[in-house]
Amino acid sequence: MRFSELDPAEIEYMSTLEWEPLMIYLEKKHGIEFKDEFVNKLKNKIQNQMDEAGEKWRN
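Residues numbered from 1 in each chain as written. Predicted model: local features only at pLDDT ≥ 70, side-chain atom pairs only at ≥ 80, totals over all residues. Heavy atoms only, no water.

(A) The arrangement of the nonpolar core in detail. Ranked by size, the top nonpolar core spans nine residues in total: Leu6, Met14, Leu22, Met23, Tyr25, Leu26, Phe34, Phe38 and Val39. Of all the secondary structure elements, the ones that give two or more residues to this core are α2 (19-30) and α3 (32-58). It is α2 that provides the largest number of residues to this core, a total of four residues. Beyond its immediate chain neighbours, meaning those up to four positions away, Met23 contacts Lys35, Phe38 and Val39. (Core = buried A, V, L, I, M, F, W, Y, C linked by side-chain atoms within 4.5 Å. Buried < 20%, exposed > 50% of the residue type's maximum accessible area, 1.4 Å probe, protein only. Helix = DSSP H or I, 4+ residues; strand = E, 2+ residues; numbered from the N terminus. Contact = heavy atoms within 4.5 Å.)

(B) Region of the structure containing α3. The first and last C-alpha atoms of α3 sit 39 Å apart over 27 residues, in line with the 39 Å expected at 1.5 Å per residue. Buried residues in α3 make contact with α2. (Expected span 1.5 Å × (residues − 1).)

(C) How the structure looks around α2. Relative to the 16 Å expected for 12 residues at 1.5 Å per residue, α2 spans 16 Å between its end C-alpha atoms, a close match to the ideal helical length. All buried positions along α2 are accounted for by Leu22, Met23, Tyr25 and Leu26. Relative to the axis of α2, the buried residues are bounded by an arc of 165° and lie together on one face. Every exposed residue of α2 that faces more than 90 degrees away from the buried side is listed here: Glu20 and Lys28. (Arc of directions from axis to C-beta.)

(D) Fine view of the pattern of salt bridges. All chains considered together, the criterion is met by four salt bridges. Measuring nitrogen to oxygen at the nearest pair gives 3.3 Å for the salt bridge that ties Lys41 to Glu37. Separated by four residues within a single helix, Lys41 and Glu37 lie in helix α3, roughly one turn from each other. Its relative accessible area of 49% is what places Lys41 among the partly exposed residues. Three or more residues are tied together by salt bridges with common partners; here these are Glu27, Lys35 and Asp36. (Salt bridge = Lys/Arg side-chain N within 4 Å of Asp/Glu carboxyl O.)

Spelled out as structure tokens, the structure:
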């Protein structure tokens, strides 16, 4: 399942959760693979934005 396939009401609910409860929710509701994929994509997105910001700052 892709994150974009989730129900908008579920995404809204998930956005209200702190990190640990969110991880528990994702694992119980969608499985450990979905949770791990979510974490990895989020980490990659944050890292890419930090890299882009650093590059803009250097130039």
